[in-house]
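So the chains spell out like this:
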Amino acid sequence: MMGDRPNPPRAMSSAATTSPSVDKVDGFSRKSVRKAKQKRSQSSSQFRSQDKPIELTPLPLLKDVPAQEQPELFLKKLQQCCTVFDFMDTLSDLKMKEYKRSTLNELVDYVTVSRGYLTEQAYPEVVKMVSHNIFRTLPPSDSNEFDPEEDEPTLEASWPHLQLVYEFFIRFLESQEFQPSIAKKYIDQKFVLQLLELFDSEDPRERDYLKTVLHRIYGKFLGLRAFIRKQINNIFLRFVYETEHFNGVAELLEILGSIINGFALPLKAEHKQFLVKVLIPLHTVRSLSLFHAQLAYCIVQFLEKDPTLTEPVIRGLLKFWPKTCSQKEVMYLGELEEILDVIEPTQFVKIQEPLFKQISRCVSSPHFQVAERALYYWNNEYIMSLIEENSSVILPIMFSSLYRISKEHWNPAIVALVYNVLKAFMEMNSTLFDELTASYKSDRQREKKKEKEREELWKKLEDLELKRGLRSDGIIPT
Amino acid sequence: MAGADGDDSLYPIAVLIDELRNEDVQLRLNSIKKLSTIALALGVERTRTELLPFLTDTIYDEDEVLLALAEQLGNFTMLVGGPEYVHCLLPPLESLATVEETVVRDKAVESLRKISQEHSPVDLEVHFEPLVKRLASGDWFTSRTSACGLFSVCYPRVSSTVKAEIRQHFRTLCSDDTPMVRRAAASKLGEFAKVLELDYVKSDIISLFTALASDEQDSVRLLAVEACVSIATLLPQEDLETLVMPTLRQAAEDKSWRVRYMVADKFSELQKAVGPEITKNDLVPAFQNLLKDCEAEVRAAAANKVKEFCENLPEDNREQIIMTHILPCVKELVSDTNQHVKSALASVIMGLSTILGKDNTIEHLLPLFLAQLKDECPEVRLNIISNLDCVNEVIGIRQLSQSLLPAIVELAEDAKWRVRLAIIEYMPLLAGQLGVEFFDEKLNTLCMAWLIDHVYAIREAATCNLMKLVEKFGAEWAQNTIVPKVLGMANDPNYLHRMTTLFCINALSEACGQEITTKQMLPVVLKMSNDQVANVRFNVAKSLQKIGPVLDNNALQTEVKPVLEKLASDQDMDVKYFAQEAISVLPLA
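Reading the values: the criteria
Residues numbered from 1 in each chain as written. Chains lettered and ligands numbered in written order. Predicted model: local features only at pLDDT ≥ 70, side-chain atom pairs only at ≥ 80, totals over all residues. Heavy atoms only, no water. Helix = DSSP H or I, 4+ residues; strand = E, 2+ residues; numbered from the N terminus. Rg over C-alpha atoms; globule rule 2.2 N^0.38 Å. Contact = heavy atoms within 4.5 Å. Areas by Shrake-Rupley, 256 points an atom, 1.4 Å probe, with all protein chains shown as cover. Phe/Tyr/Trp six-rings, centres within 6.5 Å; stacked < 30°, edge-to-face > 60°. Buried < 20%, exposed > 50% of the residue type's maximum accessible area, 1.4 Å probe, protein only. Core = buried A, V, L, I, M, F, W, Y, C linked by side-chain atoms within 4.5 Å. Polar contact = N/O pair within 3.5 Å; in protein donor to acceptor, adjacent residues only side chain to side chain. pLDDT = per-residue confidence, 0-100. Axes fitted to C-alpha atoms, helices over the stretch in contact; angles between N-to-C directions. Parallel < 35°, antiparallel > 145°, perpendicular 65-115°, else oblique. Left-handed = near helix turned anticlockwise from the far one by under 90°. Nonpolar A, V, L, I, M, F, W, Y, C, P; charged D, E, K, R; others polar. UniProt positions renumbered as here; feature names shortened; annotations may be inferred. Salt bridge = Lys/Arg side-chain N within 4 Å of Asp/Glu carboxyl O. Bend = angle between axes of the 7 residues up to and from the residue. Disulfide = S-S within 2.5 Å.

Visitor: Got a minute to help me understand the overall build of chain B in this structure?
Guide: Within chain B, the secondary structure is distributed over 34 helices and zero strands. Against the compact-globule benchmark of 25 Å for 589 residues, chain B has a radius of gyration of 33 Å, which places it well outside the compact range. Principal-axis analysis of the C-alpha atoms gives chain B an extent of 85 × 80 × 35 Å. Excluding contacts between residues fewer than 6 apart, the proportion of contacts in chain B whose partners are at least 24 apart in sequence is 69%. In the form shown here, chain B has an accessible surface area of approximately 23,600 Å², with 50% of it arising from carbon and sulfur atoms.

Take a look at the structure:
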């Protein structure tokens, strides 16, 4: 919830606290005591205000009754397990909690090893039991701005039961006797929608189970596939354009990665739209680092399926190129290299100009990690071969940045890398290289002149604006 | 516009368009921001025939550029030739209203709403309304989302056939397939209801409202709560019970805490919208439930509204409702397990005393205030202290002073500097209410202790606090109580404390007046010009510049001038600099 971490004004107090001896002279005791963070846990609100204790009548074990009675007992146990307990209250219903836990364990084993247990009546009961346990309103996040990189996730208090329910459900879905044609009556769109909402859970263990569950459902229920994709679309779009908050993006992308892998060729328009309008904009999100690997994998999957998508993808990345966040820039450069690894030479030619204009900007970034990451491209043999083939286009774009950095970059490692790149260019195309070196100065002067002309143009325009007396409200007096 | 055409040849459109296409985003952005200048250079005719088509065709750019463009176009009416031609602006804005980035789209919609007012009723039907329809039936969700914001601006000014179409479109969007569009529609529902005829509010809006309020996504349902306020305001009292209340009751008990939070957050507005009778019968129990909600978020939002809710209760039985229904819940919240809930309550609870009057306050509220003053969470105590003025008016602060003091002392020594900073800010207020005697006896030592706090922000605030106290208690008080202590610090072995003396002098000289400044403060400052730490010396120069205007000319010439001249030849650069600055500013010549 509302975080509470006053920061000491560092710049100001630093003078007073540089070393213990200074401390003594200044007479300032260091008072800031930061409380050690506690592991937090929470559970859904719906359980909290139960007052009376829960009573479940113990049932015999499944293995202790004759085979023909087992299906009936199985149903009864499922019904019992619909009861949910309040795990925030660690003292309540201890006995019954333990009873449910052992029952769930028994059910897990039962669906794994038994045969002939899955009667048609069992399907709605299984889905009901799972729904009762897993579908719940997720509680508010404990920290106001939950930062998954910094903050410990809040763990689900009811996990001892929840885990077994998920385990049971997965075994059920994977069971040899499982028949999607019957199950689809119960595992429907509404069920899937609620399942997808749970991906926002802060508990990584739960998201991991959800991933498997959704993957199985996608695999077994053909009729739900389009719906699942559409809803994931909606979750992502909301995440990108509305809330910037959703815990399960990486997990959903992981599932999508394997879904994309199975797309038939030629790709449907719907899938291409998903790539361009959803996956590419996902790069703009602040928390990109949490799901970047999965995202880049999806993108590369798409390009391996259909290389003609390379141009829109790279143009998309260039459009959203980070302006201020160097960390993200490094991620973009990494992804771009993955794309270049699989790019077809014909596609490369289409995109090389805007692409290398950006790379040239990265190479001259004052942030050495960005510059370094971009310069590493020249260590990649395949990229090098592409550059070599097109050196007459790429060299003029890169030259002035490289030339300038070789003289001015603050970081010696970068300067050394740049020298290597320049050397490589020189070997590739020495005539062009010499020409560019010779014209470097005059080019700079031409640029400066152009800059001056621009300034003059705008000055004239502004004079004109004054002369015509455009008032601030946009009304031109006649 | 005479002579404009002649000038145009100077600025061929190609040159200007080059500027809009510049490779450097920043330059492109600058050009777009001066789009009006470009349009002016081109004249209205060519702006319409050349610039706008160019803009419409080449919209593929960075969102930042598009945002600037969307904003500019909203102010372009005169540049295309006035209201007669304003529809020329629609094509580029239409494209902008379909882009993915929300801020761009919102800005485009804002501009469209703006220029819709400049359309004649005929143009509105011929040009604007078809655009709204196109957006409303667009393929991609973005255009449909944008359409939601445009219905209400054209509805009042079109014929009844077109009105019927608009209502139909809005209805369709309310049940759109994508939740993004339903959210957009839900958030504009209230606004749209306001421009509809009452009959249609009852027939159309209510059913949409009911549907959105029971949407499968809580993000849609919670927006319906906002619409509820507007809708309830539009309907006659006798219809509220049947048309609105069932939905509102359901929202207050929604299974999603976000929806309940929204109800709590909008509670005062809802209360005003439904009127006193429904408030008494329905909202009071609903409010009680929210105060007892299982999620702390909801309780905190409700706790924030306690004062406003009570204030707006019908006066005839306000006191009775508060005493029997609200106060018991409030009492429980005082010992809530969540500090944010307690802190929210503490920020408004004092306000109840004006509503309940002296006797009830002493009997029922005072124990709560005292309990909160002892709360383990500093924010809670702080919120109580910062609202003391409400109680002061009703029962006087003396009632509290015994409990107040320990609370203040503890906050003054809190480990978190922000807490210490906050309590300092209330010192002048407290001093005013508690009086000079109480202050001297109990609080003065605290105020002086802050001057040697280890955090600069606290020392700075403490300095400022002294100035405010002097303004309140007068120069004589200053001379007797604080000036000696402040000046004493000038001999402290710690240079930061010595500098604090200078900062205090800077702050106090004006309030203390010429006599104290000249006789007591100036000698100390001058003596410090020999300090071995350069930071102290240049602060002497700064202080002299600051207190110079308070001094008389004689002191300036005979005492200040020689010292500054000496400092101006100091070996430290900064000392020199500030000494020279002081010399040039003060009338020393």
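And the narrative resumes.
Visitor: Even after reading the chapter, I still don't get the overall build of chain A, so can you show me in this structure?
Guide: Along chain A, the regular secondary structure elements total 21 helices and two strands. When the accessible surface of chain A is totalled, it reaches about 24,100 Å², and 52% of it is carbon and sulfur.

Visitor: Even after reading the chapter, I still don't get the side chain of asparagine 506 of chain B, so can you show me in this structure?
Guide: Of note, asparagine 506 of chain B is situated in helix α31 (residues 495-528). Non-local contacts of asparagine 506 of chain B, meaning those with residues more than four positions away in its chain, are made with Ser543 and Lys546 of chain B.

Visitor: What is the right way to read the packing of aromatic side chains from this model?
Guide: Centre-to-centre distance and the angle between the planes together describe a pair of aromatic rings. All names here are of chain A. The tally for this structure, following the rule as stated, stands at 37 aromatic pairs over all chains. Look at phenylalanine 368 and tryptophan 410: their rings are 5.9 Å apart centre to centre, the planes differ by 85°, and that puts the pair in the edge-to-face class. In this pair, phenylalanine 368 sits in helix α17 (residues 368-375) while tryptophan 410 sits in the loop between α19 (391-408) and α20 (412-428), placing the two residues 42 residues apart along the sequence. Among the residues examined, phenylalanine 368 registers a relative accessible area of 28% and is labelled partly exposed. Measuring from centroid to centroid gives 6.2 Å for phenylalanine 399 and tyrosine 440, while their planes differ by 70°, and the two rings are edge-to-face. Of the two residues, phenylalanine 399 sits in helix α19 while tyrosine 440 sits in helix α21 (residues 430-468), which places them 41 residues apart along the sequence.

Visitor: Just to check I follow, could you spell out helix α14 (residues 310-319) of chain A for this structure?
Guide: Given 3.6 residues to a turn, an α-helix orients residues that are three or four positions apart in the same direction. For α14 of chain A, the full list of buried residues reads Thr310, Val313, Ile314, Gly316, Leu317 and Leu318 of chain A. Those residues of α14 of chain A that are buried are in contact with α12 (269-279), α13 (292-305), α15 (326-342) and α16 (345-363) of chain A.

Visitor: Teacher, can you tell me more about the nonpolar core here?
Guide: Ranked by size, the top nonpolar core spans 367 residues in total, and within it Phe74, Ile217, Phe236, Leu279, Leu282 and Phe425 of chain A carry the most contacts. No other element matches α31 of chain B, which puts 14 residues into this core. Those residues in contact with phenylalanine 425 of chain A, other than ones at most four positions away along the chain, are Trp378, Ile387, Ile394, Leu395, Met398, Leu402 and Phe433 of chain A.

Visitor: In this structure, what is going on with the environment of aspartate 203 of chain A? I would like to understand it.
Guide: Residues and elements named next belong to chain A. Note that aspartate 203 resides in the loop between α8 (189-198) and α9 (204-220). Between the C-alpha atom of aspartate 203 and that of proline 153, which follows or precedes it by 50 residues, the distance is 6.2 Å. Apart from the residues lying within four places of it in its own chain, the contact partners of aspartate 203 are Thr154, Leu155 and Glu156. There is a polar contact of 2.8 Å between the side chain of aspartate 203 and the backbone nitrogen of glutamate 156.

Visitor: For this particular structure, what's the right way to read the confidence of the model for chain B?
Guide: Parts of the prediction with low pLDDT should not have their coordinates interpreted in detail. All names here are of chain B. On average, residues of chain B score 88 in pLDDT, and 97% of them reach the 70 mark or higher. Taken as a whole, residues 1-9 scores under 50 in pLDDT and shows 11 contacts with residues more than four places along the chain or in a different chain. Prediction confidence for the complex, expressed as pTM and ipTM, is 0.80 and 0.79 respectively.

Visitor: Is there a simple way to think about the packing of α31 of chain B against helix α33 (residues 553-568) of chain B in this case?
Guide: Each packed pair of helices is defined by two parameters, the angle between the axes and the distance between the axes. Residues and elements named next belong to chain B. Running from N to C, α31 and α33 point in directions that differ by 20°, and their axes come no closer than 10 Å. As judged from the angle between their axes, α31 and α33 are roughly parallel. As α31 packs across α33, the resulting crossing turns out to be left-handed. Of the residues in α33, those in contact with Thr518, Leu522 and Leu526 of α31 are Ala555, Glu559, Val560 and Val563. Residues belonging to the contact of α31 with α33 are distributed by class as follows: five nonpolar, one polar and one charged.

Visitor: How should I be thinking about the UniProt feature "domain: Phosphatase 2A Regulatory Subunit A helical" (unreviewed entry) in chain B in this particular structure?
Guide: Per the UniProt record, the feature "domain: Phosphatase 2A Regulatory Subunit A helical" (unreviewed entry) sits at residues 89-270 of chain B. A helix fraction of 79% and a strand fraction of 0% characterise residues 89-270 of chain B, whose end C-alpha atoms lie 39 Å from each other.

Visitor: Explain unusual backbone geometry to me, please; I cannot follow it from the model alone.
Guide: Backbone phi values are negative for most residues with the exception of glycine, while trans is the configuration of most peptide bonds. All names here are of chain A. In this structure, the amide linkage connecting leucine 265 to the following residue, proline 266, adopts the cis form with an omega of -5°. Structurally, proline 266 is set in the loop between α11 (249-261) and α12. Even without glycine at this site, glutamate 244 takes up a positive phi of about 55°. In this fold, glutamate 244 is placed in the loop between α10 (225-243) and α11.

Visitor: For this particular structure, what's the right way to read the packing of α14 of chain A against α16 of chain A?
Guide: Residues and elements named next belong to chain A. Running from amino to carboxyl end, α14 crosses α16 at an angle of 5°, the nearest separation of the two axes being 9 Å. Classified by the angle their axes make, α14 and α16 are roughly parallel. Only Gln347, Lys350, Ile351, Pro354, Leu355 and Gln358 of α16 make contact with α14, whose side of the interface consists of Thr310, Glu311, Ile314, Arg315 and Leu318. Per-class residue counts for the contact of α14 with α16 are five nonpolar, three polar and three charged.

Visitor: Can you help me understand the pattern of salt bridges in this one?
Guide: Pairing is possible between side chains that carry opposite charge, provided their charged atoms lie close to one another. Applying the stated criterion across every chain, the model contains 57 salt bridges over all chains. A salt bridge links arginine 171 of chain B to aspartate 204 of chain B, with the shortest nitrogen-to-oxygen separation between them at 2.5 Å. Of this pair, arginine 171 of chain B sits in helix α11 (residues 160-174) while aspartate 204 of chain B sits in helix α13 (residues 198-213), and the two are 33 residues apart along the sequence. Given a relative accessible area of 12%, aspartate 204 of chain B falls into the buried group. When the shortest N-O distance is used, the salt bridge between arginine 537 of chain B and aspartate 570 of chain B registers 2.8 Å. Here arginine 537 of chain B, found in helix α32 (residues 534-547), pairs with aspartate 570 of chain B, found in the loop between α33 and α34 (573-585); they are 33 residues apart in sequence, far enough to count as distant. For the pair arginine 537 of chain B and aspartate 570 of chain B, a shared accessibility class is recorded, and that class is buried. If you follow the salt bridges from partner to partner, you end up with Arg136, Glu156 and Glu206 of chain A in one network.

Visitor: What exactly am I supposed to notice about the environment of threonine 284 of chain A here?
Guide: All names here are of chain A. By secondary structure assignment, the location of threonine 284 is in the loop between α12 and α13. A residue is classified by how much of its surface remains accessible, and threonine 284, at 30% relative accessible area, is partly exposed. Beyond its immediate chain neighbours, meaning those up to four positions away, threonine 284 contacts Val240, Phe320, Lys328 and Tyr332. Reaching out from threonine 284, the side chain makes a polar contact with the backbone oxygen of proline 281 at a distance of 2.6 Å.

Visitor: What exactly am I supposed to notice about the environment of proline 406 of chain B here?
Guide: Here proline 406 of chain B shows up in helix α26 (residues 398-412). Along the primary structure proline 406 of chain B and serine 214 of chain B are separated by 192 residues, whereas in three dimensions their C-alpha atoms are 51 Å apart.

Visitor: I tried to follow helix α21 (residues 318-334) of chain B on my own but got confused; where do I start?
Guide: All names here are of chain B. Along its length, α21 reaches its greatest deviation from straightness, about 45°, at isoleucine 326, and the proline proline 328 lies no more than four positions downstream. Along α21, the positions that sit buried rather than exposed are Arg318, Ile321, Ile322, Ile326, Leu327, Cys329, Val330, Leu333 and Val334. Against α18 (267-291), α19 (296-304), α20 (306-311), α22 (339-348) and α23 (352-373) lie the buried residues of α21.

Visitor: Is there a simple way to think about the confidence of the model for chain A in this case?
Guide: Residue and element names in this part refer to chain A. Looking at chain A, the pLDDT average stands at 83 and 84% of residues meet or exceed 70. The low-confidence segment residues 1-39 (pLDDT under 50) makes 58 contacts with residues lying over four places distant or belonging to another chain. Residue range residues 471-478 is modelled with pLDDT below 50. Its contacts to residues more than four positions away, or to other chains, number 11 contacts.

Visitor: Looking at this structure, how should I read the state of the cysteines?
Guide: Working definition: the covalent bond between the sulfur atoms of two cysteines is a disulfide. Going through the model one piece at a time under the given rule, you end up with zero disulfides over all chains. Between cysteine 512 of chain B, a cysteine without a disulfide, and cysteine 504 of chain B, which holds the nearest cysteine sulfur, the sulfur-to-sulfur distance is 10 Å.

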